[in-house]
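The residues making up each chain are set out below.
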Amino acid sequence: MREQIFEIIARILEMDIKAVNEKLSIESTEKWDSLAHLMIIGEIEEKLKVNIPLETVLELSTVQDLLDAIQK
Amino acid sequence: MQKIALLSNVNMEPVIQNITKKHNIFKTTGYGNVFEEMANKNSQLYKYNPEVIYIIIDIKEICINCESIEQIHLEVSNWFSLFRKCINSHIVYFISDVDFRSYDMEIGTDDLDTLVIEQIWKKELKNVINDFTNIHQFSYKKQVEKIGKDNFYTNKLWYLGRIIHTNLAKDSLIKEIDNCLQLLKETQKKVLILDLDNTIWGGIIGEGEYNNIELSDEKIGLIYKDLQRIIRRIKNTGILLAIVSKNNYEDAISVIRTNQHMILKEDDFIAKKINWIQKDINILEISKEINLGLDSFVFFDDNPAERELVKNSLPDVTVPEFPNRIELLPKAMEEVYTKYFKKLTFTNEDKERSLQYLANSKRLELQKKTMDFTSYLTGLHITVKPVEPFLNRQRLFQLINKTNQFNLTTQRYTMVELEEIIQAPNKKIYAFEISDKFGNNGITAVVIVNLLNQAFIDTFILSCRIMGKFIENYIIDFVEKDLLKDGYQILFSKYIKTSKNKPVEDFYDRMGYQIIEATEDYKIYRISLETKLDREYYIKRS
């Protein structure tokens with residue numbers, strides 16, 4: 001699952017999958033704008049058949065946050 | 001590569017971003033801007049100069065404030081009359097039919113049936129397609145039906161970012177956009193060549209056994225009968241049918257003449273090559289007989305060896321795949337129709353009809369009306385309200401750090417820095433809440449000015465939600481007048497180039513600022529606040 005998520009993030013942010021790690025954050029990633037954020041959430045939810053509550057989507061700021069939200 | 005544009009009243013960015021990889025597509029400035037782009041001759045859209053424009057409309061947004069069917073009629077006919085004024089004969093348009101994405105309109109009323117609403121749109125769409133040869137339908141509702149509403153729409157992304165489409169829907173829309181482009185490119189096919197055995201009926205005819213084939217009103221027989229019904233419909237659109245089949249002529253023709261389930265009749269075929277000669281040779285002969293090029297032929301045959309032969313020996317003939325599951329046969333023929341025979345370009349007769357149409361009074365009427373962007377903007381009842389920055393610092397923080405397009409300097413600030421700016425005596429921050437008749441867009445503009453000896457615009461940001469409506473003209477005017485009141489006669493500003501803010505690279509030039517320093521990466525401007533010209537904007541005074 002982790003790999004699948006990393007693949008989605010890397011593809012949408014147009015970056016090397018090797019550069020994706022838990023610490024990657026919205027703040028430090030220029031391409032991770034609000035649109036990219038929604039595209040990432042949308043695709044993860046659909047592909048992994050998970051639900052990330054809307055309120056949580058607004059609070060996520062790192063890849064780790066994202067992983068935590070899905071594990072909940 | 002063709003230059004295309006996709007406009008919509010909802011956020012289509014995910015689709016557009018995906019298409020970028022395959023086509024040359026217009027990067028919209030903001031979203032929801034259909035008429036902002038189309039009615040304004042100087043818009044970014046026309047600078048881009050598209051050859052094909054797709055317009056995908058979410059009907060729910062169009063009638064969000066409607067409470068009766070009459071109001072919906074009015075909104076839809078307004079939309080189309082505005083659209084008609086924007087039509088450019090050099091551009092090909094694909095306008096979507098619509099799907100009402102929820103059923104909430106139906107609550108408590110019998111009138112506002114979603115199907116009825118969709119029909120209102122469709123009727124107007126048909127009219128405009130009939131009136132103009134360069135306008136075609138984009139089949140949107142079909143995409144929804146294939147996937148189902150629940151899989152097509154997302155509530156979460158809608159509330160978070162005005163995106164209504166799921167990933168699945170996005171892929172489906174991209175495919176349809178591709179199909180339309182393909183149709184534009186393809187030469188119109190005119191002839192459908194059919195095999196007989198196991199193609200338009202099941203089984204193989206033997207000598208004297210004319211009713212031994214699968215063609216009936218049930219099970220496998222019904223599949224072939226349905227297939228024949230579709231082929232007959234295709235024929236009725238003006239497509240020519242021909243038979244190329246390896247059989248004894250007498251046996252085959254007897255089946256066609258006498259089998260009671262045959263939908264296709266002998267006379268439906270303009271040529272019947274029922275013999276034991278190679279199929280490619282037969283096809284060539286038909287081409288000579290009816291004097292049509294091989295590129296207008298489609299060859300449909302269940303036998304892969306025959307398909308391979310024709311493909312190799314007559315590469316101009318289109319040879320679609322044959323479905324590997326028998327129940328998909330009628331559907332496969334439907335696809336053959338949409339892919340190769342569906343009319344996109346009009347026949348000469350159609351063209352004449354529409355020319356006649358254009359010659360009548362309505363044409364004069366259409367030409368008299370100029371592009372009336374002004375009255376559209378006035379009709380939006382846009383209001384701009386300055387708000388207190390400190391109370392709204394969370395939202396300002398977000399705007400400053402996440403806006404990329406309409407952002408003149410892309411200067412990012414942390415929360416601490418922002419709070420300092422708000423309180424600093426030598427800085428001034430302006431924030432604006434913007435609404436129109438469709439609702440409140442919230443705080444969607446922020447300007448930061450540095451006040452040392454001179455006034456200098458440090459930050460000028462507008463959310464993409466409100467771009468394209470001359471709101472920025474009002475805002476800069478507001479700021480300039482305020483600074484002039486404070487005693488500043490000269491105002492400086494700056495544009496810093498990023499990969500995303502190209503749409504505003506000449507913003508200050510348009511506002512009448514003079515460049516005093518320019519490099520590849522930035523431009524510095526100045527304007528005299530006492531002598532500056534009036535600006536064009538359409539803001540309702542509240």
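As the structure is a prediction and not an experimental result, all values here were calculated from the model.

**Student:** Just to check I follow, could you spell out the overall build of chain B for this structure?
**Tutor:** A count of helical and extended segments in chain B gives 22 helices and 16 strands. Counting across all 542 residues of chain B, residues that qualify as buried make up 52%. Contacts in chain B between residues at least 24 apart in sequence constitute 69% of all its contacts with a sequence separation of at least 6. As presented, chain B carries roughly 26,200 Å² of accessible surface, and 49% of it is formed by carbon and sulfur atoms.

**Student:** In this structure, what is going on with the packing of aromatic side chains? I would like to understand it.
**Tutor:** Aromatic rings in a pair are described by how distant their centres are and how their planes are angled relative to each other. Residue and element names in this part refer to chain B. The tally for this structure, following the rule as stated, stands at 24 aromatic pairs over all chains. With centroids separated by 6.1 Å and ring planes inclined at 20 degrees, the aromatic side chains of Phe456 and Phe492 adopt a geometry described as stacked. On the criterion of sequence distance, the pair formed by Phe456 in strand β13 (residues 455–462) and Phe492 in strand β14 (residues 490–496) is long-range, its members being 36 residues apart. Using a relative accessible area of 14% as the deciding quantity, one classes Phe492 as buried.

**Student:** Explain the nonpolar core to me, please; I cannot follow it from the model alone.
**Tutor:** Looking at soluble globular proteins, one finds that nonpolar side chains tend to be buried together. Residue and element names in this part refer to chain B. If you look at the biggest cluster of nonpolar residues, it comprises 83 residues, and the most contacted ones within it are Met38, Trp79, Phe83, Trp121, Phe460, Ile475 and Leu483. Here this core gets 8 residues from one element, more than from any other, and that element is helix α5 (residues 69–86). For this core, the domains that each give at least three residues are domain 1 (3–185) and domain 3 (359–528). Among residues more than four places away in sequence, those in contact with Leu483 are Tyr430, Val449, Leu451, Ala455, Tyr488, Leu491 and Leu529. Leu194, Leu196, Leu329 and Met333 belong to the second largest nonpolar core, which has 33 residues in total.

**Student:** Help me out: how do you make sense of the sheet that holds strand β1 (residues 3–8) of chain B in this one?
**Tutor:** Across a sheet, strands are paired by hydrogen bonds formed along the backbone, either parallel or antiparallel in direction. Residues and elements named next belong to chain B. Spatially, the 5 strands line up as an open sheet ordered β2-β1-β3-β4-β5, and their pairing is parallel. The strands lining the two open edges of the sheet, one partner per strand, are β2 (24–25) and β5 (135–138). Alignment of strand β3 (residues 52–56) against strand β4 (residues 92–96), held across 4 bridges, turns out to be parallel. Residue Val52 lies in a different strand from β4, and its bridge partner there is Val92.

**Student:** Just checking my understanding: could you explain the interface of chain B and chain A for this structure?
**Tutor:** By a frequent convention, interface size equals the accessible area lost on bringing the separate parts together. Between chain B and chain A, the contact holds 17 residues from the first and 19 residues from the second. Taking both partners together, chain B and chain A bury about 1,500 Å²; carbon and sulfur atoms supply 60% of that area. When the buried area of chain B at its contact with chain A is split by residue, B:Lys156, B:Leu160 and B:Lys402 rank highest and sum to 39% of it. Ionic pairing is found between A:Glu45 and B:Lys156, a salt bridge with its closest N-O pair at 2.3 Å.

**Student:** I keep staring at the sheet that holds strand β9 (residues 297–300) of chain B and nothing clicks. Help me out?
**Tutor:** Residues and elements named next belong to chain B. Here 4 strands make up an open sheet; going across it, the order is β8-β7-β6-β9 and the pairing parallel. Pairing within the sheet leaves two strands with one partner each, and these edge strands are β8 (269–275) and β9. Recorded for the sheet is a direction-independent mean angle of 15 degrees between the axes of neighbouring strands. When strand β7 (residues 240–246) meets β8, the two strands line up parallel, connected through 6 bridges. Looking at the pairing, Ala242 lines up with Ala271 of β8.

Scoring rules and cut-offs
Residues numbered from 1 in each chain as written. Chains lettered and ligands numbered in written order. Predicted model: local features only at pLDDT ≥ 70, side-chain atom pairs only at ≥ 80, totals over all residues. Heavy atoms only, no water. Helix = DSSP H or I, 4+ residues; strand = E, 2+ residues; numbered from the N terminus. Buried < 20%, exposed > 50% of the residue type's maximum accessible area, 1.4 Å probe, protein only. Contact = heavy atoms within 4.5 Å. Areas by Shrake-Rupley, 256 points an atom, 1.4 Å probe, with all protein chains shown as cover. Phe/Tyr/Trp six-rings, centres within 6.5 Å; stacked < 30°, edge-to-face > 60°. Core = buried A, V, L, I, M, F, W, Y, C linked by side-chain atoms within 4.5 Å. Domains from an automatic or database assignment. Pairing = 2+ DSSP bridges. Buried area = accessible area lost by both parts, 1.4 Å probe. Salt bridge = Lys/Arg side-chain N within 4 Å of Asp/Glu carboxyl O. Axes fitted to C-alpha atoms, helices over the stretch in contact; angles between N-to-C directions.

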